[in-house]
Amino acid sequence: MMLRIYPQNPSEREIRRVVDALERDGVVVYPTDSVYALGCSLRSARGLERLRQLCGKQTGELSIVCDGISRAAEYCRVDNATFRTLKRNLPGAITFVLDASSRMPDKALQRRKTIGIRVPDNAIARTIVERLGCPLVTASLRSDDETEYLTDPELIHERYGRDVALVVDGGPGSLVPTTVVDLTQEEPEIVRRGAAELK
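Anyway, here's the lowdown on the structure attached to this text. (Residues numbered from 1 in each chain as written. Predicted model: local features only at pLDDT ≥ 70, side-chain atom pairs only at ≥ 80, totals over all residues. Heavy atoms only, no water.)

## Considering unusual backbone geometry
Cis rather than trans, the peptide bond between Leu90 and Pro91 has omega equal to 0 degrees. The topology assignment puts Pro91 in the loop between helix H4 (80–89) and strand S5 (94–99). Unlike most non-glycine residues, Asp25 shows phi in positive territory, near 70 degrees. Tracing the backbone through its elements, the reader meets Asp25 in the loop between helix H1 (12–23) and strand S2 (28–30). (Helix = DSSP H or I, 4+ residues; strand = E, 2+ residues; numbered from the N terminus.)

## What to know about the side chain of Arg118
Assignment of secondary structure puts Arg118 in strand S6 (residues 114–118). At a separation of 2.3 Å, a polar atom in the side chain of Arg118 contacts the side chain of Asp33. A polar contact is formed between the side chain of Arg118 and the backbone oxygen of Gly92, at a distance of 3.4 Å. Excluding residues within four positions of it along the chain, Arg118 makes contact with Thr32, Asp33, Ser34, Ile64, Val65, Cys66, Gly92, Ala93, Ile94, Thr95 and Thr178. (Polar contact = N/O pair within 3.5 Å; in protein donor to acceptor, adjacent residues only side chain to side chain. Contact = heavy atoms within 4.5 Å.)

## Some points on the environment of Leu54
Relative to the helices and strands, Leu54 resides in helix H2 (residues 45–55). A relative accessible area of 21% means that Leu54 is categorised as partly exposed. Distance in space between the C-alpha atoms of Leu54 and Tyr160 is 9.3 Å, their sequence separation being 106 residues. For Leu54, the contacting residues outside a window of four places in its chain are Val27, Leu38, Asp163 and Val164. (Buried < 20%, exposed > 50% of the residue type's maximum accessible area, 1.4 Å probe, protein only.)

## Examining the state of the cysteines
In this structure the tally under the stated criterion is zero disulfides. Distance from the sulfur of Cys40, which forms no disulfide, to the nearest cysteine sulfur (Cys55) is 8.9 Å. (Disulfide = S-S within 2.5 Å.)

## Points about the pairing of strand S7 (residues 136–140)
Where burial is concerned, most of S7 is hidden: four out of the five residues are buried. Both strand S3 (residues 37–41) and S7 contribute to a ladder of five bridges, which runs antiparallel. Across the sheet, residue Leu38 finds its bridge partner in S7, namely Ala139. Bridge count for strand S4 (residues 63–65) against S7 is three bridges, and the pairing is antiparallel. Note that in S7 the partner of Ser63 across the bridge is Thr138. (Pairing = 2+ DSSP bridges.)

Structure below.
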């Protein structure tokens, strides 16, 4: 199924349909402020298992998407310096690698002690998380083929529609991934340069 949701003013009814699918252990494709992504509820062990199957070898690259810094701080260790960095840069197309807190389920970490966190500058993604009441575990779509399969919601649906609960059409996606910044050491380290500059 494909749902059209407008990023300027996400429809509560359509957002509810996405949340219902996530609460039933579904995996969805949804827009962010960078590349379209696969996501499931952090509370869903079955959804997480399905997400890992769909991602294949990418499973080390799972992050969580939050609707704000306060939710991120529930699942990661955020000291004052880290909070200031997050506040300067989020929402935005940056994934911050942080030490996970005890609230982060082991199934999401897979023996790691760190997790990437995102607060996208995309109202659809943030509203889904807000209504769901917990983060999305997420991985960006990847393709070895034509780039249209990463940016065009109809082609994304053609490729993933049979494998996921639904595809959210939030308009054309981007090909530029997030910038990745490691905040687990004393100084921030840019691991990958992408769509946003670190402030």
